[in-house]
Amino acid sequence: MTYPRVSNDSADKTAGVPSSPRFPEIEERVLAYWAEDDTFRASVEARDAGTDGENEFVFYDGPPFANGLPHYGHLLTGYVKDIVPRYQTMRGKRVERRFGWDTHGLPAELEAMRLNDIKTTDEIVEMGIDKFNDACRASVLKYTGEWRDYVTRQARWVDFDNDYKTMNPEFMESVLWAFKSLFDKGLVYEGFRVLPYCWNDETPLSNHELRMDDDVYQDRQDPSVTVGFEITTEGPFAGAKVLIWTTTPWTLPSNLAVMVGSDIDYVAVQHDGDRLILAEARLGAYARELGDEPEVVWRGQGSDLIGLTYAPPFSYFADHARAFRVVAADEAVTTTDGTGLVHSAGAFGEVDKEVTDREGIEPVMPVGKDGRFTHPVAEYAGMLVFDANPHIIDDLKSTGGSVTPGTVLVRRETYNHSYPHCWRCREPLIYKGVESWFVEVTKFKSRMLELNEQIRWVPEHIKHGQFGKWLENARDWSITRNRFWGSPVPVWKSDDPAYPRIDVYGSFAEIERDFGRLPLNADGEPDLHRPWVDDLTRPNPDDPTGRSTMRRVSDVLDVWFDSGSMSFAQVHYPFEDADWFDHHFPGDFIVEYIGQTRGWFYTMHVLATALFDRPAFSSCISHGIVLGSDGNKMSKSLRNYPDVREVFDRDGADAMRWFLMASPILRGGNLVVTEQGIRDAVRQVMIPLWNTWYFFSLYANAEGYEAKVGGPESLASTDPLDRYLLAKTRQYVEKLTAELDDYAIADACETTRGFLDVLTNWYVRRSRERFWEGRAEAFETLAAVLDTVCRAVAPLLPLTTEEVWRGLTGGRSVHLADWPDASALPTDDALVAAMDQVREVCSATSALRKAGGLRNRLPLGSLTVVVADPASLEDFTSIVADEVNVKHVRLLAADSPEAGAYGISQRLSVNARAAGPRLGKDVQVAIKASKSGDWSVAEDGTVTAGGLALVEGEYTLETVVGSETDGTATGMLPGGGFVVLDTVVTPELAEEGIARDLVRAVQQARRDADLDVTDRIVLTIGGSTAVLGAAGTHEDLISKETLATSYVIDEAAEGTVVTVGDGETATVTVVRA
RNA sequence: GGGCCUAUAGCUCAGACGGUUAGAGCACCACACUGAUAAUGUGGGGGUCAGAGGUUCAAGUCCUCUUAGGCCCA
């Protein structure tokens, strides 16, 4: 037993290579071997980093937030994160791969709140921030073990021991450094911003959280009101009323302005003694109140109204500076609903805030963090804003409470609309202004766009599409959250506005310098988390009275600030490894799903631009979204996707890898996960590869042959099939290398699938006999190709190729091997082209047999192949003869007289690409003529079609052959030329056909008897006269093919009854010799 | 409402520069082949290339609009 030379199979070593492998079991054994052998570490360390890391390929792991188990999306990304580094490693690069964990943020806090059954931030404070943050820490670490299991099982090589976590003090110190650096560059400021806000959870939500679930937007019924505000500007409009419409009546006490569109047409109409102003386009919608043909007393545009002042609907902020004016907001005002005039409540809407800022109006905030009204809105104080709506409407109707006289309620109704709800508590959100610190992204946006030009995006359209557009519209980034579990905002402020001072810290050392100590947690370790960092206070140095204190602002940083910092924070830059970082930035490669264009890709790019004036990464694959088997988002409750562990156990990690990597998802499309698709990967790729290996081992073992992979014999065969395979392998490796260099992983899979098809369904099938004969050059060739293919496919099927390659070579690991050198393989494009033509010849001949009802085992006399260059096929006539089972193959030149004799007619086809530009419109005439037969060839060879002379190159003339004549059948070849099959069945041929049928019957009997391929047999054949005759004539053939050492022909023999030839009956008996 | 992507066989997708008979894999049917194969080969059915208009001698391909889906933004 020579093969497998090494196997991880602890079972019977003498069993050889299994013909029907159980891939998941093989995978488990390979994984165990890797773990024991520490192959991953060896593969990294086998490559030298080079001077200043010039030989390193830098990969950044985008940190997942591990608050649940990995799903297909994570696995998909993980496979890409494995393939590219594996490939680069084999190309000779040193590729460190550190796993990263995103640990901070609201999801962790919410999980901790759920586990501790608390609902509000007050309860968190009550519980103790230290205890709460301990709970957060525990919750984010809860799944790390499972993640490691899944990632290991999927055969992703990544360093878990030397990982990074965003909550580690070193990481957080680098984050502080980043904040301080931005502050020092003048790129950080404190401001006030409107965000979606959950009053129940007492937290603003990021856009990301807003869209956490599909059902965040739910239909909701809200009251909607149309209210008129009285104009106070002296002049023609005095006393008229501007009509506004809102679905949030509770924002009316905070009204600060009315927005109009400058170019929108407005009218004033007379109604019950009032003049009401609204958009002309909205008159119809108010017919109920205003009548079908209201009396229009004024017409104009929004620009005519701008600057008018009005009495605010409520008197709470009556003296507010610069407020209660009609202002322009062309981008925000439409006439699709409402009145064409929009009320602006400053801090309760994004557009509202933008407009009031522009107009220099300070926002007001009479709503507390719990969503209840506060001072000065006395009538509704303590009421949740939604609960206050009916009271506010009642007061508007009766002009009661603090409603300003002159304000009128024109209409009240209920309004159904899609409204955002908190993804966690399902309560309706409000928009609310909150204090926040910002990175002034707008200041360096143009530089971000410039640096984006240096990034290679896959797919390419992301660069100027989704990512580029997002950059163009970048707004300042709100980086603080009024929460608990996160990196602290390293800002200390004086608590007395009379003595203002702000200190920003960028390191432990700076903190220790000013506070005399480090923030220490309960275990006495330096810890930048709350509450420890909050404990650091000191007297305000700028306060001569000594009474005011420097206190940290209570916010923590947005988690995206953490993950955007990973490139430098994972190595504790600039406190350690500053030199290393300098040579490893930007990173060479990152990959995540397309949504990260506004997440991780974006925050990495923002911070890299602002801090280093460089992009953070050179190449980025941005893949699509994985969908369930029904085309919808994967959902646990719908059970619309196969269980990950079940797939690992049943089909294996390589099958799943192939399915995902070969799919359109890496070109930016979406992917529907189906079990069928995963099984197809096994069938189309893994089994062909494995069976080629099994085939090799079967015959090499039978022969006791050991191939010398890598030796001079490997590529030395002169056999045409071997030379063809080697040349084809070279083409394959060249193509694959180019594709992987381009990150075109799906293309690489398709290329591989096509190559394996040639390998197994042409080379191996056509070479069976030579292997059976034990031909050394065949073994050497196939071994060399298997070695090459294993190495080339190793990144795409790391587990399967490992088992095959080690079994073939006895080496330590295919992943320690070098990427195959295509240039070492013979190049012979002509040979490859000739073989492709040979396959066409066989294909065409098979079709003729099929049409003529001539079964394949029946030998035929001859096949004539008529092609342009018959010499190129000379080496392959025996292959053709064997493949299509004919006695002789004749090659004829297409222009030879004899070939002409087969021709029935000629066909003219016009090459439109060549003739079109010259002939213009007439080319259509020529084409039509060529099809209808209205063309001719003159004596001198001039071709005329439809009366138009064609010049050389504008047409091709082909000989067309008929389907059948007596005793022959003819068929066209796709690339030009044709084949002529001699269909005459002589008695000799018929007899040999029967003999072949007998061989087949005996082989089946051998199998049925469970004989080994090398077992010798005693064979007895009986049957009709024709059968006995064939068995006698072809005794040599039959006994050789079936390994019969004893060969008996006995008319009366009993045995398995089979039908052979043209309805003849035979009996065969097979006994092991 | 805006931006990007997608729309080709029952399914999943290819289709440089526009070139006149639009391909592949899977699935289906028939036949053949099979001592490596869970296969394979041959043939067959299956297409208004989402729709409409335009440019052109010629459009699946280029332009405009529309429709549907996805992603993002508002």
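For the structure, see preceding data.
A few points on the structure. Since this is a predicted model, take the numbers as computed values, not measurements. (Residues numbered from 1 in each chain as written. Chains lettered and ligands numbered in written order. Predicted model: local features only at pLDDT ≥ 70, side-chain atom pairs only at ≥ 80, totals over all residues. Heavy atoms only, no water.)

**Quick word on the protein's contact with RNA strand B**
Point 1. Taken together, the neighbourhood of RNA strand B is formed by 50 residues, with Arg-683, Tyr-694, Arg-857, Arg-1000 and Arg-1006 sitting nearest.
Point 2. A share of 62% is what sugar and phosphate atoms reach among the atoms of RNA strand B within 4 Å of the protein.
Point 3. Within the contact set of RNA strand B, a base nitrogen lies 2.6 Å away from a backbone nitrogen or oxygen of Leu-1011.
Point 4. Looking at the surface near RNA strand B, the elements with two or more residues in it are helix H15 (466-472), helix H23 (675-703), helix H25 (745-772), helix H28 (829-852), helix H31 (912-919), helix H32 (922-932) and helix H33 (987-1008). (Near = heavy atom within 4 Å. Polar contact = N/O pair within 3.5 Å; in protein donor to acceptor, adjacent residues only side chain to side chain. Helix = DSSP H or I, 4+ residues; strand = E, 2+ residues; numbered from the N terminus.)

**Describing H33**
Point 1. Taking 1.5 Å per residue as the helical rise, H33 with its 22 residues ought to reach 32 Å, and the 31 Å between its terminal C-alpha atoms agrees with that figure.
Point 2. The complete set of buried residues in H33 reads Leu-989, Glu-992, Gly-993, Ile-994, Ala-995, Asp-997, Leu-998, Val-999, Ala-1001, Val-1002, Ala-1005 and Arg-1006.
Point 3. At the C-terminal side of H33, Asp-1010 shows a positive phi close to 65°. (Expected span 1.5 Å × (residues − 1). Buried < 20%, exposed > 50% of the residue type's maximum accessible area, 1.4 Å probe, protein only.)

**Considering the packing of helix H24 (residues 720-741) against H25**
Point 1. Contact pair H24 / H25: the axes reach a minimum separation of 10 Å and the direction vectors enclose 170°. The orientation of H24 with respect to H25, classified from their angle, is roughly antiparallel.
Point 2. A breakdown of the residues in the contact of H24 with H25 according to their chemical character gives 13 nonpolar, 4 polar and 7 charged. (Axes fitted to C-alpha atoms, helices over the stretch in contact; angles between N-to-C directions. Parallel < 35°, antiparallel > 145°, perpendicular 65-115°, else oblique. Nonpolar A, V, L, I, M, F, W, Y, C, P; charged D, E, K, R; others polar.)

**Details of a negative patch on the surface**
Point 1. Taken together, Asp-52, Glu-54, Glu-170, Glu-576, Asp-577 and Asp-579 make up a surface patch of like negative charges.
Point 2. One can find Asp-579 in helix H19 (residues 578-583).
Point 3. Residue classification places Asp-579 among the exposed residues on the basis of a relative accessible area of 52%. (Patch = residues over 30% accessible without salt bridge, like charges linked within 9 Å, V, L, I, M, F, W, Y side chains within 5 Å. Areas by Shrake-Rupley, 256 points an atom, 1.4 Å probe, with all protein chains shown as cover. Salt bridge = Lys/Arg side-chain N within 4 Å of Asp/Glu carboxyl O. Lys, Arg positive; Asp, Glu negative; His and termini not counted. Charge placed at Lys NZ, Arg CZ, Asp CG, Glu CD.)

**Points about the side chain of Thr-751**
Point 1. Position of Thr-751 relative to the elements: it lies in helix H25.
Point 2. Overall, the relative accessible area of 12% leaves Thr-751 in the buried class.
Point 3. Beyond its immediate chain neighbours, meaning those up to four positions away, Thr-751 contacts Tyr-732, Lys-735 and Glu-739. (Contact = heavy atoms within 4.5 Å.)

**Focus: the pattern of salt bridges**
Point 1. A complete count under the given rule lists 71 salt bridges for this structure.
Point 2. Across the pair Asp-122 and Lys-369 runs a salt bridge, and its minimum N-O distance is 3.1 Å. Residue Asp-122 is located in helix H5 (residues 121-127), and its partner Lys-369 is located in the loop between helix H12 (350-358) and helix H13 (385-398); the two are separated by 247 residues in the primary sequence.
Point 3. For the salt bridge of Arg-411 with Glu-413, the shortest nitrogen-to-oxygen distance reads 3.6 Å.
Point 4. When salt bridges with common partners are traced through the structure, they connect Arg-501, Asp-503, Arg-513, Asp-514, Arg-538 and Asp-542 into a single cluster.

**Section: the state of the cysteines**
Cysteine pairs can be linked by a disulfide, which is a covalent bond between their two sulfur atoms.
Point 1. Applying the stated criterion to the full structure yields 0 disulfides.
Point 2. With no disulfide of its own, Cys-620 lies 19 Å from the sulfur of Cys-749, the closest cysteine sulfur.
Point 3. Free cysteine Cys-790: the closest other cysteine sulfur is in Cys-749, separated by 16 Å.
Point 4. Its relative accessible area of 0% is what places Cys-790 among the buried residues. (Disulfide = S-S within 2.5 Å.)

**Remarks on the nonpolar core**
Point 1. Core analysis: the largest hydrophobic core is formed by 128 residues, its most contacted members being Met-661, Phe-696 and Ile-745.
Point 2. With near-sequence residues (within four places) excluded, Met-661 lies in contact with Leu-76, Tyr-79, Val-80, Ile-83, Leu-666, Ile-745, Ala-746 and Cys-749. (Core = buried A, V, L, I, M, F, W, Y, C linked by side-chain atoms within 4.5 Å.)

**Section: the packing of aromatic side chains**
Point 1. Applying the stated rule across the entire model yields 53 aromatic pairs.
Point 2. Aromatic pair Phe-568 and Phe-581: ring centres 6.5 Å apart, planes at 85°, arrangement edge-to-face. Here Phe-568, found in helix H18 (residues 566-569), pairs with Phe-581, found in helix H19; they are 13 residues apart in sequence, far enough to count as distant. In this structure, Phe-568 and Phe-581 share a single accessibility class: buried. (Phe/Tyr/Trp six-rings, centres within 6.5 Å; stacked < 30°, edge-to-face > 60°.)

**A few points about the pairing of strand S3 (residues 188-198)**
It is a general feature of regular strands that their side chains alternate between the two faces of the sheet.
Point 1. Alignment of S3 against strand S14 (residues 430-439), held across 10 bridges, turns out to be antiparallel. Residue pairing across strands places Gly-191 opposite Ser-436, the latter belonging to S14.
Point 2. As judged from the 2 bridges shared by S3 and strand S4 (residues 203-204), these two strands associate in the antiparallel manner. When the bridges of S4 are listed, Cys-198 appears paired with Thr-203. (Pairing = 2+ DSSP bridges.)

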